[in-house]
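This is what each chain is made of:
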Amino acid sequence: AQKVTQAQTEISVVEKEDVTLDCVYETRDTTYYLFWYKQPPSGELVFLIRRNSFDEQNEISGRYSWNFQKSTSSFNFTITASQVVDSAVYFCALSEATSGTYKYIFGTGTRLKVLA
Amino acid sequence: NAGVTQTPKFRILKIGQSMTLQCTQDMNHNYMYWYRQDPGMGLKLIYYSVGAGITDKGEVPNGYNVSRSTTEDFPLRLELAAPSQTSVYFCASSYSTFGPHGESQPQHFGDGTRLSIL
């Protein structure tokens, strides 16, 4: 069965520290998609990245980077030199080709607190 | 750009009352979705629609109804509000889930409606 696990419920770091948010997924599909969303205190969900199962290249966008490893079924998210504005809840999500890619399976989220 | 707009932002209902949560998008997306987010949990899909006139149940549809008469609008109706429906509700939209290379399209979310039922 498909599942997304974000084992870290809450993480607190001091500004400028690096932090990694873990995401482990389960799927039987060979074609699937992984997403990260950010939910700041204001409540909206902001799309950060999509990764296809057939593309294991890591990605970097400014201070954000994502490490996709099919061997460990993980799609981890690292923020380098964290800032207070990074404080938010971060969700990892999975969609599978066979069950309909409109069906996102969300993890329970990781609340990141960046302290000044 | 307005994107996905949800109204109201907050609402308190009494048990047994009914109400409609409004959702409209101006991105010409054919897919639309309703989710609920309970404290400490991820989002659960309530209903979705792949186009005007077409709707289908998601993971947690009981107690809700939807309609999709236009591409832009996808209202969610609660007929007999119950305390278990206290939650934050998110509407989302996306292009057809397969992009030019077969990829899943990202969903764009509204700001949410915080609903309390007392």
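Residues numbered from 1 in each chain as written. Chains lettered and ligands numbered in written order. Predicted model: local features only at pLDDT ≥ 70, side-chain atom pairs only at ≥ 80, totals over all residues. Heavy atoms only, no water.

Peer 1: Help me out: how do you make sense of unusual backbone geometry in this one?
Peer 2: Excluding glycine, residues mostly carry a negative phi; peptide bonds, for their part, are mostly trans. A cis amide bond links Thr7 of chain B to the next residue, Pro8 of chain B, at an omega of -5°. Along the polypeptide, Pro8 of chain B turns up in the loop between strand E1 (4-7) and strand E2 (10-13). Not every positive phi belongs to a glycine, and Ala81 of chain A is a case in point at roughly 50°. With respect to the secondary-structure elements, Ala81 of chain A resides in the loop between strand E9 (74-79) and strand E10 (88-96). Judged by its relative accessible area of 31%, Ala81 of chain A falls in the partly exposed class. The backbone of Asn28 of chain B sits at a positive phi, close to 60°, despite the residue not being glycine. Mapped onto the elements, Asn28 of chain B comes out in the loop between strand E3 (19-25) and strand E4 (31-37). (Helix = DSSP H or I, 4+ residues; strand = E, 2+ residues; numbered from the N terminus. Buried < 20%, exposed > 50% of the residue type's maximum accessible area, 1.4 Å probe, protein only.)

Peer 1: Explanation requested: the interface of chain B and chain A in the structure shown.
Peer 2: Each partner contributes residues to the interface: chain B has 22 residues there, and chain A has 19 residues. Roughly 1800 Å² is buried in total at the junction of chain B and chain A, and carbon and sulfur atoms are behind 60% of that figure. Counting across the interface, chain B meets chain A through zero salt bridges. For the pair chain B and chain A, the number of links is three residue pairs in polar contact (both at pLDDT 80 or more). Contributions of two or more residues to the side of chain B that touches chain A are made by E4 and strand E5 (43-51) of chain B. Looking at which element gives the most residues to the side of chain B that touches chain A, the answer is E4 of chain B, with four residues. The class makeup of the residues in the side of chain B that touches chain A is 11 nonpolar, nine polar and two charged. (Contact = heavy atoms within 4.5 Å. Buried area = accessible area lost by both parts, 1.4 Å probe. Salt bridge = Lys/Arg side-chain N within 4 Å of Asp/Glu carboxyl O. Polar contact = N/O pair within 3.5 Å; in protein donor to acceptor, adjacent residues only side chain to side chain. Nonpolar A, V, L, I, M, F, W, Y, C, P; charged D, E, K, R; others polar.)

Peer 1: What is the right way to read the state of the cysteines from this model?
Peer 2: Joining two cysteines, a disulfide is a covalent bond between their sulfur atoms. Scanning the model with the defined rule gives two disulfides over all chains in all. What pairs with Cys23 of chain A in a disulfide is Cys92 of chain A, and their sulfur atoms sit 2.0 Å apart. With the S-S bond torsion at -65°, the cross-link from Cys23 of chain A to Cys92 of chain A turns out left-handed. You can see Cys23 of chain A sitting in the loop between strand E3 (19-21) and strand E4 (24-26) and its partner Cys92 of chain A sitting in strand E10, a full 69 residues away along the chain. A single burial state applies to Cys23 of chain A and to Cys92 of chain A, both of which are buried. Covalently, Cys23 of chain B is tied to Cys91 of chain B through a disulfide, its sulfur atoms 1.9 Å apart. (Disulfide = S-S within 2.5 Å.)

Peer 1: How do you make sense of the sheet that holds strand E7 (residues 64-66) of chain B when you look at a structure like this?
Peer 2: Through backbone hydrogen bonds, the strands of a sheet pair up, either in parallel or in antiparallel fashion. Residues and elements named next belong to chain B. An order of E1-E3-E8-E7 is seen for the four strands of this open sheet, with the pairing classed as antiparallel. Of all the strands in the sheet, just E1 and E7 have a single pairing partner and so form its edges. Ignoring strand direction, the axes of neighbouring strands in this sheet form an average angle of 20°. Bridge count for E1 against E3 is four bridges, and the pairing is antiparallel. Bridge pairing in E3 links Thr5 to Thr24. (Pairing = 2+ DSSP bridges. Axes fitted to C-alpha atoms, helices over the stretch in contact; angles between N-to-C directions.)

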